[in-house]
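# Examination of the molecular architecture
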Amino acid sequence: MSSPRGFALAEIELRSFDRSFSARCHVQKPDRFRLVEALPADVQRISRGSGVSYGGASFAAESVVQDLGAFNRLLEFDAEQGLLTVEAGARIGDIQRFALARGWMLPVAPGHPRASIGGCIAADVHGKNPARDGTFRKHVASIELFDSSAGWMIASAEENAERFSACFAGFGIPGLMGSATLRMVPAPSAYSLRNIAVANLVDAAEVLRAHAGAPLLYGWHDGRPAQFGRGVIRFGLEAQESARSGQRLTADLPAVIEPWSHCAWNRAGISVMNQWIGRGYRRTGNERLSVEAAMFPLNEARRYFAGFGKEGFVEAQWLLPHKRYADFVAALGAEVARAKPRISLIASKLFDGEPQGLAFDGKGIALAIQIPQPRSTSQATFIEALTELALAHGGRPNLIKESSLQADSARRGIRDFDEARERLRSFDPNGLQVSELSRRLSL
């Protein structure tokens, strides 16, 4: 790719967080919005926040990557209504810390604290209990957008409402986000966290449903054939007292984690890791946890992500409707027993929303299945089988996570895929907003 008509760009190797895609890209790093505007209007582009998304969602070899990392300011805070306006490059961890210090918080936050607000909107991320709190769209009042043809505009439920809705799980296609106004909620002092052991994934679903109103609610499960689905559901309630003052908070997970030279998650490594996690998660009694620690458990996972090695991993994340969930789990367990894939872990969550566009939402149980060395023949074969099983049982894929997913599977998993795609394209009729993800899924 040649630099567009001499426009000053850096040439940088970019890689997705799961290491599934990489490309040498022309990158613009503006520190003023007039530099964003200066890119020729007909140049193919995609915006990028912190670069912690999976599946190549914020770059493509043939696109100019507009890195918004310099646009990270917190602009305005209404302490009475809990409204916070921030630039799109602001990180979710910094926002939570600012809000918590003032008695507020964002109830929906992804696990990685360096995720940008623009990225959270573009992926319509979910948090620690989507059944209670919904997805990110529920907590955004308005967005300031830049369209290379129409210029800057405000989008909200009242103004440019269709474009506003399209921004959520729009993967950057409706335009570059300059800022957003977020709706905060009053923050608790801490959480009281309890672990409930479950023997399998069907039991896990029952426990999740029984605790649907908890502010924190998610499960961890063993993916090994002999222990398939065994794990714990963690649920947390608001505590009246703060977490102990001496509680250590781990520094934010880096945006780029240097992988170990070899994949640690062979069968022996997975066994040791699951035993270690199990000992910690199966502790009885209540654990007092600070809000920040509860929001960002991935801060403790540096070695886990480094252990995938240079080949990275795939996270297959599917939302199964309640009526089909038990049958899916049975079929998946049989496939795991037959194929004996290496699954590093499985996470479970409860959803109770209505799917909109391409967003990962609906009513059911979501399973996130992390798979090391996804390009090896046996692992790739299992991923294909998992995809077919999920689709056969009415599963809905999380497009921002599943980096092995192709357009045909996305269309089969999302009933209104074509209609949602056409709505997105109506805001980018010349097809200028292009990422590896949007190209792979034919968006």
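About the criteria used
- Residues numbered from 1 in each chain as written.
- Predicted model: local features only at pLDDT ≥ 70, side-chain atom pairs only at ≥ 80, totals over all residues.
- Heavy atoms only, no water.
- Helix = DSSP H or I, 4+ residues; strand = E, 2+ residues; numbered from the N terminus.
- Buried < 20%, exposed > 50% of the residue type's maximum accessible area, 1.4 Å probe, protein only.
- Contact = heavy atoms within 4.5 Å.
- Areas by Shrake-Rupley, 256 points an atom, 1.4 Å probe, with all protein chains shown as cover.
- Lys, Arg positive; Asp, Glu negative; His and termini not counted.
- Charge placed at Lys NZ, Arg CZ, Asp CG, Glu CD.
- Pairing = 2+ DSSP bridges.
- Axes fitted to C-alpha atoms, helices over the stretch in contact; angles between N-to-C directions.
- Arc of directions from axis to C-beta.
- Parallel < 35°, antiparallel > 145°, perpendicular 65-115°, else oblique.
- Left-handed = near helix turned anticlockwise from the far one by under 90°.
- Nonpolar A, V, L, I, M, F, W, Y, C, P; charged D, E, K, R; others polar.

## Considerations on the overall build of the protein
When helices and strands are counted, the protein shows 14 helices and 19 strands. Looking at the 443 residues of the protein, the share that counts as buried comes to 59%. Long-range contacts, defined as pairs at least 24 residues apart, comprise 73% of the intrachain contacts of the protein with a sequence gap of at least 6. As presented, the protein carries roughly 18300 Å² of accessible surface, and 49% of it is formed by carbon and sulfur atoms. Averaging the positions of the 53 positive and the 47 negative side-chain charges in the protein gives two centres separated by 7 Å.

## With respect to the sheet that holds strand β19 (residues 396-397)
Whenever strands of a sheet pair, they do so through backbone hydrogen bonds, lying parallel or antiparallel. Read across the open sheet, the 8 strands follow the order β15-β12-β14-β13-β17-β18-β16-β19; overall the sheet is antiparallel. Every interior strand has two partners, whereas the edge strands, β15 (287-289) and β19, have only one. Where strand β13 (residues 216-221) and strand β14 (residues 231-239) come together, 6 bridges link them in antiparallel fashion. Following the sheet pairing, Tyr-218 is matched in β14 by Arg-234.

## Digging into the sheet that holds strand β3 (residues 45-48)
If you trace the 4 strands from one edge of the open sheet to the other, you get β1-β2-β4-β3, paired in mixed fashion. The sheet is open, and its two edges are formed by β1 (10-15) and β3, each paired on a single side. Averaged over all pairs of adjacent strands, the angle between their axes in this sheet comes to 45°, without regard to strand direction. Direction of pairing for strand β2 (residues 22-28) relative to strand β4 (residues 64-67): parallel, over a ladder of 3 bridges. If you follow Val-27 over to β4, its bridge partner there is Val-65.

## Let's talk about helix α13 (residues 417-426)
Burial in α13 covers these residues: Phe-417, Ala-420, Arg-421 and Leu-424. Burial along α13 is one-sided: seen end-on, the buried residues are contained in an arc of 100°.

## A closer look at the environment of Glu-13
As for its position among the elements, Glu-13 is in strand β1. In this structure the C-alpha to C-alpha distance between Glu-13 and Ala-90, which are 77 residues apart in sequence, comes to 23 Å. Setting aside residues up to four positions removed in sequence, Glu-13 forms contacts with Ser-22, Ala-23 and Arg-24.

## Examining the packing of helix α10 (residues 322-339) against helix α11 (residues 377-392)
Packing of α10 against α11 brings their axes to within 10 Å, and their N-to-C directions diverge by 160°. Comparing their axes, α11 and α10 come out roughly antiparallel. For the pair α10 and α11, the sense of crossing is right-handed. Contact with α10, carried on its side by Arg-324, Phe-328, Ala-331, Leu-332, Glu-335 and Val-336, involves Phe-382, Ala-385, Leu-386, Leu-389, Ala-390 and Ala-392 of α11 and no other residues of that element. Taken together, the residues of the contact of α10 with α11 break down into 10 nonpolar, no polar and 2 charged.

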